[in-house]
Structures are given as structure tokens and as C-alpha cells.
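What follows is each chain in one-letter form.
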Amino acid sequence: MTTSSRDLALIHRFVPGSGRTTLLLLHGTGGNEDDLLPLGRELVPNAALLSPRGRVLERGMPRFFRRLAEGVFDQQDLALRTDELVAFIAATASQYHFDAGKVIAVGYSNGANIAASVLLRHPRVLAGAVLFHPMVPFEPSPPPSLPQTPVFMSAGASDAMVPRSLTERLAELLRASGANVTVHWEDGGHELSRSEVDAARDWLSHHTE
Ligand code: MLT
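A few points on the structure.

About the thresholds
Residues numbered from 1 in each chain as written. Predicted model: local features only at pLDDT ≥ 70, side-chain atom pairs only at ≥ 80, totals over all residues. Heavy atoms only, no water. Axes fitted to C-alpha atoms, helices over the stretch in contact; angles between N-to-C directions. Helix = DSSP H or I, 4+ residues; strand = E, 2+ residues; numbered from the N terminus. Parallel < 35°, antiparallel > 145°, perpendicular 65-115°, else oblique. Contact = heavy atoms within 4.5 Å. Nonpolar A, V, L, I, M, F, W, Y, C, P; charged D, E, K, R; others polar. Expected span 1.5 Å × (residues − 1). Buried < 20%, exposed > 50% of the residue type's maximum accessible area, 1.4 Å probe, protein only. Arc of directions from axis to C-beta. Pairing = 2+ DSSP bridges. Near = heavy atom within 4 Å. Polar contact = N/O pair within 3.5 Å; in protein donor to acceptor, adjacent residues only side chain to side chain. Areas by Shrake-Rupley, 256 points an atom, 1.4 Å probe, with all protein chains shown as cover. Core = buried A, V, L, I, M, F, W, Y, C linked by side-chain atoms within 4.5 Å.

Looking now at the packing of helix 2 (residues 75–96) against helix 3 (residues 110–121). What describes two packed helices is the angle between their axes and the distance between those same axes. Remark: helix 2 packs on helix 3, axes separated minimally by 10 Å, with the N-to-C direction vectors making an angle of 85°. Classified by the angle between their axes, helix 2 and helix 3 sit roughly perpendicular to one another. Within the contact between the two elements, helix 2 uses Leu78, Ala79, Arg81, Thr82, Asp83, Leu85 and Val86 and helix 3 uses Ile114, Ser117, Val118 and Arg121. The class makeup of the residues in the contact of helix 2 with helix 3 is 6 nonpolar, 2 polar and 3 charged.

Right, let's talk about helix 5 (residues 194–205) for a bit. Compared with the 16 Å implied by 1.5 Å per residue over 12 residues, the 17 Å span of helix 5 between its first and last C-alpha is a close match. Within helix 5, the full set of buried residues consists of Glu196, Val197, Ala200, Trp203 and Leu204. Here the buried residues of helix 5 occupy an arc of 125° about the axis, which is enough to place them on one side. Structurally, helix 5 contributes buried residues whose contacts are with strand 3 (22–26), helix 1 (37–43), strand 9 (103–108), strand 10 (128–132), strand 11 (150–156) and strand 12 (180–186).

Let's shift gears to the pairing of strand 9. Within strand 9, 5 of the 6 residues are buried, which leaves the element mostly enclosed by the surrounding structure. Strand direction decides the pairing type here: strand 3 and strand 9, joined by 5 bridges, are parallel. In the strand pairing of strand 9, Leu26 is matched with Gly107. Where strand 9 lies against strand 10, 5 bridges are found, and the strand directions are parallel. Paired with Tyr108 across the strands is Phe132, a residue of strand 10.

Tracing the sequence through the fold places Ala112 in helix 3. Of the residues examined, Ala112 reaches a relative accessible area of 0% and is grouped as buried. Each C-alpha atom of the pair Ala112 and Val130 lies 7.6 Å from the other, and the pair is 18 residues apart in sequence. Not counting residues up to four positions away in its chain, the partners in contact with Ala112 are Gly107, Leu131, Phe132 and Pro134.

The environment of the ligand is formed by Thr29, Arg63, Phe65, Arg67, Phe73, Ser109, Asn110, Asn113, Met135, Met161 and His190. Side-chain polar atom of Arg63 to an oxygen atom of the ligand: 2.8 Å apart, as the coordinates give it. A distance of 2.9 Å is found between an oxygen atom of the ligand and a side-chain nitrogen or oxygen belonging to Ser109. The protein chains hide 95% of the 270 Å² of surface that the ligand would expose on its own. Classifying every residue of the shell around the ligand by side-chain character gives 4 nonpolar, 5 polar and 2 charged.

Ranked by size, the top nonpolar core spans 43 residues in total, and within it Leu24, Leu126, Leu131 and Leu174 carry the most contacts. Dropping the residues within four chain positions of it, Leu24 is found in contact with Leu50, Pro52, Leu85, Ile89, Val103, Ile104, Ala105, Val106 and Leu126. Among the nonpolar cores identified, the runner-up in size contains 19 residues, and Val15, Val44, Val130 and Phe152 belong to it.

Structural data, given as C-alpha cells:
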């Protein structure tokens, strides 16, 4: 059974799974709650899937938080939306009876950025994260404590939107916080490639129940 509901703060889909892990699927700019469901199912066939739609609109395109320009984030809005997403995870866990301690985020681009923001601002909420083409959402001070939290990041060596230095800085920040970070590089740009999806699926097979 697939449940779709507007009762909770974010429009979303929830697809139950037979395993213990729930994947929190976070789309890129202009996406919606349906986009990543096939990817989530492919990544972890038995996981529950929780897929919200970002509630910020940029010229009609859903996002998870406001930006002032490309790569320049509205930090106040980011903090607010990050807190909302954390509250949404707790509310949906009690509504759908999934284990809130076994949620792994899978985000692409803007979705990866809010997932990274959750890791850095609320370090105990996610059991792990797959970040496809993330940037640095903000510089936390002091660094959070993310002991052994598994994080898979992927990046494109010729991504015009995400310079190599940002990928490296995010990996460094997460490692300095104690996270267990794997960085996967592709030759291409900002698009999601088959080989990084395969690498993420393999990585997830070691981090899901
Ligand atoms: C996007 O277009 O989603 C950007 O690459 C990332 C962002 O603005 O959060």
C-alpha cells in the first residue's frame, strides 16, 4: 500500500517496506515526491520509502530551502526548513510506525544539501546518508558529533555547479565530526549517473537492515 497524505507538514509519499531501514528520499530543484521512488526501490529493495516534496517554490520549482543565487543559500530559511524536516521525520515515524532510529537520507543536489544540513545541525537524527552531488550547506561551529555515522557522497569532476573544493570541504567537515565518509568521483557533471547509483547501492547493502 502506498500512502499519500497532506495531513503532515510536507506533501509526501510513504511506501512501506519489509526491512527495518527507511530511506528518506530528497529530490533536486524542480522535483517532487514521486521522482526518487523508483531510485529508492532500486537502491534498497526492502526498505520503506519516505519521500517529501520541498515546500519552497523558486519560479514554480519545488526546493527544500530558499537560495539567494545559485550556490548562495538563505541561511535563516535553511535552518528553519531543516528543523521542519526533522519534525516531519518524527511525525511520520509515529504515523507510519517506522523506526525513527533507522532512517537513511538519500538526496540529490538540493535534496543532498538539506540532508547534509540535517547531519550537521541535528547529528543524531539520521542513521546515515547518501549525498549525490552535495555542496556545503553551512559551516557548523562548533563541529557536530557524528561518531561513525556512515555517509556516501558522490561528485562529478566536471560539475559546473559544485566545484571540487566544496565536495572536499564537506567530506572534511563530516570526517572532522567523526563520520565515516566514502567519496565516489565521476568524470561527468551534475547529472546522476548509472555508475554512481550502482556504487551507492553497493554501499547501502552494507549499511541497511
Ligand atoms: C540545485 O539546483 O539544486 C543546486 O545545485 C543545489 C541547491 O541549490 O541546493
